[in-house]
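Coordinate inspection notes
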Amino acid sequence: MIKIDIVLPWVDGNDESWRKQREYYDGQTKNEKINGEIRYRDWDNLQYIFRGIDKNMPWVNKVHLITCGHIPNWLNISCSKLNVVKHEEFIPSEFLPTFNSHVIELHMYKIRELSEHFIYFNDDIFILDQLEPSDFFTNGSPNDMAVEIPITSKISSNIFSHFLINNNSLINKNHLKKKVLRENFTKFYSLKYKSLLIKNFLLGHFNNFSGFYHPHLTQSFLKTTFFEVWEKEYLYLEKVSKNKFRNYIDVNQYLMREWQLVNGRFEPKNIDKLGRYFNLIDDTNKIEQYIKCKKSKIVCLNDNGHVKKFNLTKEAINATFEEIYPQKCSFEV
């Protein structure tokens, strides 16, 4: 069986020394929409991510927890499956300090002893039920879905759309769509995509890729993909790496995912079936019931900064996780 690792970046937004450092560098930027305080606020539920992994993914080889130096006081740093990785251990010094998650993502393949096959988590993704290696990889290839979708935005200042456009530009620069579809026809037109398949038929005749559908869940990666993208686009990725905060020229880890898709390095699966995405401005009671009933194996609880009753929502969500994961795990002291 192949070794599969997890990479999980985390930041302690309450760390005073870190906050002072961020404020010092942020004085050069001052863009609340991109780098506002809410991007770093802590929901105090990282332990439930580890409990979910420990209980439902016992086959995981290693969890690489990325931090800028701070460590939760409950974390068992002696756990054999844990590797706490500081930024300076894998990000070149000329790009530090960084407060840009994209810089962390672009360089994470350099983590020492990271396995070729790994799953990228965010700190808002929680495991609710049993998962198997086959949920993420098949015959050594990442499970994924190659579904085209136009990149659009109702708001011109929506920075996330810029990231997707930048990713797509590099994909089209390096890959001929007609050649990709010809060589990977059965993967792009798989019946496993269900109703989403119609998008590929509608957009397939265009000369360039219009963009890709991205489920907001875990992401399966091959480390060699990162090496290849860096070799092809070193100058651009180096330029992005200099951005201490998110910037309109950024690309993110979706570039690596799309690179795998257009090179056919994936096994067609409807990965939407694995989990559900919630925005935390949604009905909290609905989210609580979804978690308690374990209606999917994975759930993403995204904080977009518009939660009006932050403390109350945090308490309710965390109480629900405590209900399904009341016991400490091997990652905790």
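This write-up is about the structure you can find in this document. (Residues numbered from 1 in each chain as written. Predicted model: local features only at pLDDT ≥ 70, side-chain atom pairs only at ≥ 80, totals over all residues. Heavy atoms only, no water.)

**Brief notes about the overall build of the chain**
Scanning the chain for helices and strands turns up 13 helices and 11 strands. Scaling as 2.2 N^0.38, a compact globule of 333 residues should have a C-alpha radius of gyration of about 20 Å, and the chain matches this with 20 Å. Across its three principal directions, the C-alpha atoms of the chain cover 55 × 45 × 40 Å. Per-residue burial over the chain gives 55% buried out of 333 residues. In the chain, the proportion of contacts linking residues at least 24 apart, taken out of those at least 6 apart, comes to 78%. (Helix = DSSP H or I, 4+ residues; strand = E, 2+ residues; numbered from the N terminus. Rg over C-alpha atoms; globule rule 2.2 N^0.38 Å. Buried < 20%, exposed > 50% of the residue type's maximum accessible area, 1.4 Å probe, protein only. Contact = heavy atoms within 4.5 Å.)

**Section: the nonpolar core**
It is characteristic of soluble globular proteins that their nonpolar side chains tend to be buried jointly. Counting 49 residues, the largest nonpolar core has Phe50, Met57, Phe121 and Leu301 as its most contacted members. Mapped onto this core, the elements with two or more residues apiece are strand 1 (4-9), helix 3 (46-56), strand 2 (62-67), strand 3 (82-86), strand 5 (125-127), helix 12 (284-292), strand 11 (298-302) and helix 13 (310-324). The element contributing the most residues to this core is helix 3, with five residues. In this view, Met57 contacts Ile6, Gly52, Ile119, Phe121, Ile127, Leu131 and Phe136; residues no more than four positions away in its chain are not counted. In terms of nonpolar packing, the next biggest core, distinct from the first, is built from 43 residues, Val7, Ile111, Tyr193 and Trp230 among them. (Core = buried A, V, L, I, M, F, W, Y, C linked by side-chain atoms within 4.5 Å.)

**Describing the sheet that holds strand 7 (residues 141-144)**
Here three strands make up an open sheet; going across it, the order is 6-7-9 and the pairing mixed. For this open sheet the edge positions go to strand 6 (137-138) and strand 9 (267-268), each flanked by a neighbour on one side alone. Sheet topology note: the strand 6/strand 7 ladder contains two bridges and is antiparallel. Within the sheet, the bridge partner assigned to Thr138 lies in strand 7 and is Ser141. (Pairing = 2+ DSSP bridges.)

**Side note on the side chain of Arg257**
On the secondary structure map, Arg257 appears in helix 11 (residues 254-262). Ignoring anything within four residues of it in the chain, the contact list for Arg257 reads Asp144, Met145, Tyr213, His214, Pro215, Gln219 and Phe221.

**As for empty space enclosed by the protein**
Summed over the entire model, instances satisfying the criterion amount to one cavity of 30 Å³ or more. There is about 80 Å³ of room inside the largest cavity. Among the residues making up the lining of the largest cavity, the classes are represented as five nonpolar, four polar and one charged. (1 Å grid on protein atoms, 1.4 Å probe; cavity = no way out; pocket = protein on both sides within 12 Å on 5 of 7 lines; lining within 4 Å. Points joined across faces, edges and corners; volume = space filled by probe spheres on them. Nonpolar A, V, L, I, M, F, W, Y, C, P; charged D, E, K, R; others polar.)

**Side note on the packing of aromatic side chains**
Scanning all chains against the criterion turns up 25 aromatic pairs. Considering the side-chain rings of Tyr48 and Phe321, the 5.8 Å spacing of their centres and the 20 degrees angle between planes classify their relative orientation as stacked. Of this pair, Tyr48 sits in helix 3 while Phe321 sits in helix 13, placing them 273 residues apart in sequence. Using a relative accessible area of 6% as the deciding quantity, one classes Tyr48 as buried. Aromatic pair Phe50 and Phe331: ring centres 4.9 Å apart, planes at 45 degrees, arrangement tilted. Here Phe50, found in helix 3, pairs with Phe331, found in the segment after helix 13; they are 281 residues apart in sequence, far enough to count as distant. A single burial state applies to Phe50 and to Phe331, both of which are buried. One aromatic cluster is present, built from ring pairs that chain together Tyr109, Phe118, Phe221, Phe226, Phe227, Trp230 and Tyr234. Its end group placed over the ring of Trp230, Lys110 keeps NZ or CZ at 5.2 Å from the ring centre. Sitting above the plane of the Phe266 ring, Lys187 keeps its charged end 5.5 Å from the centroid. (Phe/Tyr/Trp six-rings, centres within 6.5 Å; stacked < 30°, edge-to-face > 60°. Lys NZ or Arg CZ within 6 Å of the ring centre and 35° of its normal.)

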